[in-house]
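# Survey of secondary and tertiary structure
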Amino acid sequence: MQTTTLSIPGRKKPYVMAHRGNNVLFPENTLAAFQQAFQDGADILETDLQISKDNHFICIHDGSIDRTTDGKGLVSDYSVEELKTFSAFYGREEFRSERIPLLSELAAILPTDVALALELKSDRFLEEKTCQQLIDLLTTTGIRERTFVISFSKERVLCVHRLAPDIPAGLISMSGFTPDPEMQIVGPFWPLLLLNPFYIRQVRKNNQIVCPLDPTPDKRLWIYSKMKVDEVLTDNPQKTCRLIRP
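In this report, we go over the structure that sits alongside the text. Remember, predicted model here, so these are calculated numbers, not experimental data. (Residues numbered from 1 in each chain as written. Predicted model: local features only at pLDDT ≥ 70, side-chain atom pairs only at ≥ 80, totals over all residues. Heavy atoms only, no water.)

## Side note on the side chain of asparagine 22
The test is simple: Secondary structure follows DSSP: runs of H or I at least 4 residues long count as helices, runs of E at least 2 residues long count as strands, and numbering of each begins at the N terminus. The term polar contact refers here to a pair of N or O atoms within 3.5 Å; inside protein, the definition further demands a hydrogen-donor-capable atom paired with an acceptor-capable atom, and it admits residues adjacent in sequence only when both atoms are side-chain atoms. For this analysis, residues touch if any pair of their heavy atoms sits within 4.5 Å.
Looking at the element boundaries, asparagine 22 is found in the loop between β1 (15-19) and α1 (31-40). Within polar-contact distance, the side chain of asparagine 22 engages the backbone nitrogen of valine 24 at 3.1 Å. Polar side-chain contacts of asparagine 22 include one of 3.4 Å to the side chain of asparagine 236. Leave out the neighbours within four places in its chain, and asparagine 22 touches Ala33, Gln36, Ala37, Asp40, Asp235, Asn236, Pro237 and Gln238.

Okay, structure coming up:
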């Protein structure tokens, strides 16, 4: 296992990871939500990746566009040009001008002191060609050194990590009482940390980074502080940042 410190210069742990941007104040996975997260002081931006019909990386959680846009159908059935005709307003009329972002568009606005977590949502990331395309994009846009990949699928992140060992791989898990030793980053569903009081000790022994899967963490920040977790996930980085850094 290759270890990583995932150190962000000028930032103090626990790092605040904005879940799909600030998805409380703005529609999730939109440029507006991302920009708000940066303003809030988030240390890491988390977004989801799907792939369009013409093989572009799209920042959207679901495999379909039904839930978050005014369109219907699968992301993979549309080209980027077609996807850009839909509003990513998530039913909030004041944000009707928002569109589904490309990863390249996000890379263009990502502050130099903010890291990026990419959740790989498609099984296309089991293909070496697709993973290499992602690696190449991260490299050419200058954000490779501060990007890591995460997923509920171990094989998706390992496909990227095997091709680019410098890009940390993270596994999100809803079950399991011990951290996966092959991962550099672990994201256990937060109750697992309470059920196994030795979980964090094993994480430290493995030289891993831990971020509880808990998008509404504010009531449990005192627990995470005692555990000394590395990152805190949140839907509302504005509120969480204020609580962590009063």
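## With respect to the nonpolar core
Rule in force here: To define a nonpolar core, start from buried Ala, Val, Leu, Ile, Met, Phe, Trp, Tyr and Cys residues and group those joined through side-chain atoms within 4.5 Å. For every residue, the accessible area obtained with a 1.4 Å probe (protein chains only) is divided by the maximum for its type, and the residue is called buried under 20%, exposed over 50%, and partly exposed between those limits.
The biggest cluster of nonpolar side chains holds 46 residues, and the ones touching the most others in it are Leu45, Leu49, Leu103, Leu118, Leu120 and Leu134. Counting residues in hydrophobic clusters, the runner-up holds 15 residues, among them Ile8, Ile44, Ala117 and Leu213.

## Things to note about the environment of leucine 102
Within the element layout of this structure, leucine 102 appears in the loop between α2 (80-83) and α3 (103-109). Taking the C-alpha atoms as reference points, leucine 102 and threonine 30, separated by 72 residues in sequence, lie 9.6 Å from one another. For leucine 102, the residues in contact, after removing those within four places along its chain, are His56, Phe57, Ile58, Cys59, Val80 and Lys84.

## Describing the pattern of salt bridges
To be explicit about the condition: We define a salt bridge as a side-chain nitrogen of Lys or Arg found within 4 Å of a carboxyl oxygen belonging to Asp or Glu.
A complete count under the given rule lists 21 salt bridges for this structure. Between aspartate 230 and lysine 13 there is a salt bridge whose closest N-O contact spans 3.0 Å. Here the residue aspartate 230 occupies a position in the loop between α8 (221-227) and β9 (231-234), and lysine 13 occupies one in the segment before β1, the gap between them amounting to 217 residues. Judged by relative accessible area, which is 6%, aspartate 230 ranks as buried. The salt bridge partner of arginine 144 is aspartate 166, with a shortest N-O separation of 2.8 Å. A residue pair is termed long-range when its members are at least 10 positions apart, and arginine 144 in the loop between α4 (128-140) and β5 (147-151) and aspartate 166 in the loop between α5 (154-163) and β6 (169-173) qualify at 22 residues. On the accessibility criterion, arginine 144 (24% relative accessible area) is partly exposed. Take aspartate 166: its relative accessible area is 40%, and that puts it in the partly exposed class. Among the charged side chains, a network of salt bridges with common partners joins Arg20, Glu28, Asp48, Asp62 and Arg67.

## Some details on α4
Threshold: The span expected for a helix works out to 1.5 Å for each residue beyond the first. It is the directions from the helix axis to the C-beta atoms whose arc is reported.
Compared with an ideal rise of 1.5 Å per residue, which puts 13 residues at 18 Å, α4 spans 18 Å between its outermost C-alpha atoms and is within 8% of the ideal. Buried residues of α4: Thr130, Cys131, Leu134, Ile135 and Leu138, and no others. On an axial view of α4, the arc spanned by its buried residues comes to 140°, and they lie on one face. Facing away from the buried side of α4 by more than 90 degrees, the exposed set consists of Glu128, Lys129 and Thr140.

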